[in-house]
Structure formats: C-alpha cells, structure tokens
Amino acid sequence: MAYQAKLKDGQTITLENQGDQTIIRVGSDGQRQSSGVTTGEWTIAPPSSRPKAARW
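Residues numbered from 1 in each chain as written. Predicted model: local features only at pLDDT ≥ 70, side-chain atom pairs only at ≥ 80, totals over all residues. Heavy atoms only, no water.

**Some thoughts on the pattern of salt bridges**
Argument step 1. Using the criterion set out here, one finds 1 salt bridge in the structure.
Argument step 2. In this structure, arginine 25 engages glutamate 16 in a salt bridge whose closest nitrogen and oxygen atoms are separated by 3.2 Å. (Salt bridge = Lys/Arg side-chain N within 4 Å of Asp/Glu carboxyl O.)

Below, the structure written as structure tokens:
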C-alpha cells in the first residue's frame, strides 16, 4: 500500500513498501524523483499517514 502527503512547497511525497524496499517518490507538475532504500517490511504505517504528521 502506498501513502501520500503534500509537502509545504506543494510537492507530493509518496512512500511505498515493496517487499524489503521502501520506495520514496517526490514531485510536482509532472516531474518526479524516486529513490529506494532497504528497510524490511513495514510493521506499522509510516508517519505521513498518521494524523498531524503530513505537515512536513
């Protein structure tokens, strides 16, 4: 499952767990940057999906 939040500058950040990889995507207006990190499978939802955390 992917989690998405708006950043203060209007960009969107998306966090997605694919097996043991966490994919991080940031972008706006058709431009997007993506990166992956080995984190293991998530056991809880990321902070961006919790109340009041989307104010990055």
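Having seen the model, we can carry on.
**Some details on the environment of glutamine 31**
Argument step 1. Mapped onto the secondary structure, glutamine 31 falls in strand 4 (residues 31–38).
Argument step 2. On the accessibility criterion, glutamine 31 (63% relative accessible area) is exposed.
Argument step 3. For glutamine 31 and glutamine 11, which are 20 residues apart along the polypeptide, the C-alpha to C-alpha distance reads 9.7 Å. (Helix = DSSP H or I, 4+ residues; strand = E, 2+ residues; numbered from the N terminus. Buried < 20%, exposed > 50% of the residue type's maximum accessible area, 1.4 Å probe, protein only.)

**Observations regarding the side chain of threonine 12**
Argument step 1. Looking at where threonine 12 falls in the secondary structure, it is placed in strand 2 (residues 12–18).
Argument step 2. On the accessibility criterion, threonine 12 (19% relative accessible area) is buried.
Argument step 3. For threonine 12, the side chain forms a polar contact with the side chain of lysine 6, separated by 3.5 Å.
Argument step 4. The residues contacting threonine 12, other than those within four sequence positions of it, are Gln4, Ala5, Lys6, Arg25, Val26 and Gly27. (Polar contact = N/O pair within 3.5 Å; in protein donor to acceptor, adjacent residues only side chain to side chain. Contact = heavy atoms within 4.5 Å.)

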